Structures are given as structure tokens and as C-alpha cells.
Amino acid sequence: MAQIVLASGSPRRRELLERIGVTDFVVRVPEVEESFPEGLTPQEVVSHISREKAEAAVKLCGPEEIVITADTMVFLDQARLGKPRDEAHALEMLTALQGRKHTVCTGVSVCRGVRRLTETESTDVFFRSATEDELKRYIATGEPMDKAGAYGVQGRGALLVERLEGDFFNVMGLPVLRLARMLEQFGVSLL
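The rules behind these values
- Every chain's residues receive numbers from 1 upward, in the order its sequence appears when written.
- This being a predicted model, a pLDDT of at least 70 is required before a residue's local features are given, and a value of 80 or more before pairs of side-chain atoms are given or counted; all residues contribute to the totals for chains, interfaces and linings.
- In computing side-chain properties, one takes all heavy atoms of the structure into account and sets aside hydrogens as well as water.
- Between N-to-C directions, angles cover 0 to 180 degrees, with each direction set by a line fitted to C-alpha atoms, over the stretch in contact for helices.
- Helix and strand definitions here come from DSSP, where helices need a minimum of 4 consecutive H or I residues and strands a minimum of 2 consecutive E residues; each element is numbered from the N-terminal end.
- Orientation labels follow simple angle bins: below 35 degrees gives roughly parallel, above 145 gives roughly antiparallel, 65 to 115 gives roughly perpendicular, and whatever is left gives oblique.
- Left-handed describes a crossing whose near helix is turned anticlockwise from the far helix by less than a right angle; the clockwise case is right-handed.
- Working rule for contacts: check all heavy atoms of both residues, and any pair within 4.5 Å makes them a contact.
- Each residue receives one of three labels: charged for Asp, Glu, Lys and Arg, nonpolar for Ala, Val, Leu, Ile, Met, Phe, Trp, Tyr, Cys and Pro, and polar for the others, Gly being one of them.
- Whether a residue is buried, partly exposed or exposed follows from its accessible area with a 1.4 Å probe, protein chains only, as a fraction of its type maximum: under 20%, in between, or over 50%, in that order.
- Pairs of strands are assigned from DSSP output, requiring at least two bridges between the strands.
- Side-chain atoms within 4.5 Å are what join buried Ala, Val, Leu, Ile, Met, Phe, Trp, Tyr and Cys residues into a set we call a nonpolar core.
- Any pair of N or O atoms that falls within 3.5 Å is considered a polar contact. Within protein, one atom must be able to donate a hydrogen and the other to accept it, and sequence-neighbouring residues count only if both atoms are side-chain atoms.
- The salt bridge definition used is simple: a Lys or Arg side-chain nitrogen within 4 Å of an Asp or Glu carboxyl oxygen.

J.: Before we go on, may I ask you to explain the packing of helix α3 (residues 87–97) against helix α4 (residues 132–140) in this structure?
T.: The description of two packed helices rests on the angle between their axes and on the distance between the axes. Running from amino to carboxyl end, α3 crosses α4 at an angle of 135 degrees, the nearest separation of the two axes being 10 Å. If you check the angle between α3 and α4, you find them oblique. Seen along the crossing, α3 lies across α4 with a hand that is right-handed. Residues E87, A90, L91, L94 and T95 of α3 touch α4, and the partners they reach there are E132, L135, K136, Y138 and I139. Residues of the contact of α3 with α4, tallied by class, amount to six nonpolar, one polar and three charged.

J.: What's the story with the pairing of strand β5 (residues 101–112) in this structure? I'm lost.
T.: Most of β5 sits out of view: ten of its twelve residues are buried. Examined bridge by bridge, β5 and strand β6 (residues 115–127) share twelve bridges and lie antiparallel to one another. Within the sheet, the bridge partner assigned to H102 lies in β6 and is V125. Counted between consecutive antiparallel strands, the loop separating β5 from β6 contains two residues, among which G113 sits at a positive phi close to 60 degrees.

J.: Explanation requested: the environment of G166 in the structure shown.
T.: For G166, the location among the structural elements is in the loop between β7 (161–165) and α5 (168–172). The exposure class assigned to G166 is exposed, which follows from its relative accessible area of 55%. G166 sits 41 residues away from V125 along the chain, and the two C-alpha atoms are 8.4 Å apart.

J.: What should I look at first to understand the nonpolar core in this one?
T.: Buried together is how nonpolar side chains tend to be arranged in soluble globular proteins. L17, I68, L94, V110, F127, Y151 and L179 are the most contacted members of the largest nonpolar core, which has 41 residues in total. With sequence-adjacent residues up to four places away left out, F127 is seen in contact with L94, L97, Q98, G99, R100, H102, Y151, L160, V161 and E162.

J.: Hey, could you run me through the side chain of K53 in this one?
T.: Following the sequence through the fold, K53 ends up in helix α2 (residues 42–58). Overall, the relative accessible area of 11% leaves K53 in the buried class. One polar contact links K53 to E34, side chain to side chain, over a distance of 3.5 Å. Dropping the residues within four chain positions of it, K53 is found in contact with P30, V32, E34, T69, A70 and D71.

J.: Would you mind showing me how to read unusual backbone geometry here?
T.: Generally, phi is negative for residues other than glycine and the peptide bonds are trans, each holding for most cases. Phi at D77 is positive, roughly 50 degrees, even though this residue is not glycine. Residue Q78 is not a glycine yet carries a positive backbone phi of 70 degrees. Tracing the sequence through the fold places Q78 in the loop between β3 (66–76) and β4 (79–81). Take Q78: its relative accessible area is 60%, and that puts it in the exposed class.

J.: Any chance you could explain the pattern of salt bridges here in plain terms?
T.: Any two side chains of opposite charge can pair if their charged atoms end up close together. Taken as a whole, this structure holds 15 salt bridges when the rule is applied. Between R100 and D77 there is a salt bridge, with the nearest N and O atoms lying 2.4 Å from each other. Separated by 23 residues along the polypeptide, R100 in the loop between α3 and β5 and D77 in the loop between β3 and β4 bring together distant segments of the chain. Classification of D77 by relative accessible area gives exposed; the value is 57%.

Take a look at the structure:
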């Protein structure tokens, strides 16, 4: 199998690759400014940034290496929710999300040489209603501080989620089934 390069510093993406049997990979993180043109849909935004990351990453790799990049964002009513600046910002985001539906979108790119493939995955996440005290206790764990939307569905943030419609792993940052199907197009079978 060709060498796989994960062009992401996300520990969750590394963990998810390992969970699906990709254990022989290297990590090379390109420097990319995550900007995008105005007027794009959420899916277009994450696709654009994933492609930008891929273009930067392939410059760090050989022509036979298979490069994986991804970009995950949380959207509430088309507004992007990034990582919180501080605890007050985390509370503001979690308060806006509670009792409502939001969408997590991930753009995934797989590249080898000059061949590029980019796809997107969207998952609707429904938060339960929570009290301000519950949200503050969650924030005090520190878990929300490095996560888009100020929660981690794979941790204590799961206690805020009533249900999901779509790919759970997408909410963690990497839609593994979609990625596996993309890798098959590059001759990599994970089963």
C-alpha cells in the first residue's frame, strides 16, 4: 500500500484513522490560512478549505504518497461557530446551541500526485435544553476550549446531544465511511 499522509494536527483524526485500520501513516501539517470567499454555502466553505490544505500538503509529499486533508466546521443557521476564544465565548456558543439543531460539515480531500478528490459530509446535531449551570460545569472541564462549536461529541459534550442525523464520526472531525470510499478510488481498501 502507498504511504498515507494525514495532513492534520488533529488528535481526533489520527485516532479515527487508527480505528478504521490505517495504522501506517505519517503526519505532515501544512501552514494554511483558513480563509474563503464570501457567499459560499457551509459545504462549499469546508470543501474550499480542505482543497487549500490539500494543495499546501502535496508540496510536502512525494508523488506516490496519498494525502488526506479535512476541514470541519459547525454551523448554526448558516453562521459559522469556530473554537471559543475564552470561557465566556464558549458559554455564548453553547447557549445558542442548546435546545436547537445545528449542522457539522466536513470537507475531505484525498490526493495522490496530480489527482485530487474532494467530498463533503453533513450531520445534523440536536442539542437538548440545558441550564446555564450545566453549561458552566461543562465548560469548567476544559473540554470545549479547543473544539469548534465549543463541544466534543466524543467526550462529556455527548451529554448535551439529544440525537444525531448523519455520520457520528463526521462530528468528531472525519467521516470515516466517506473517506474509506474515497481511498478505494486510489486503490486502498480498508476491509
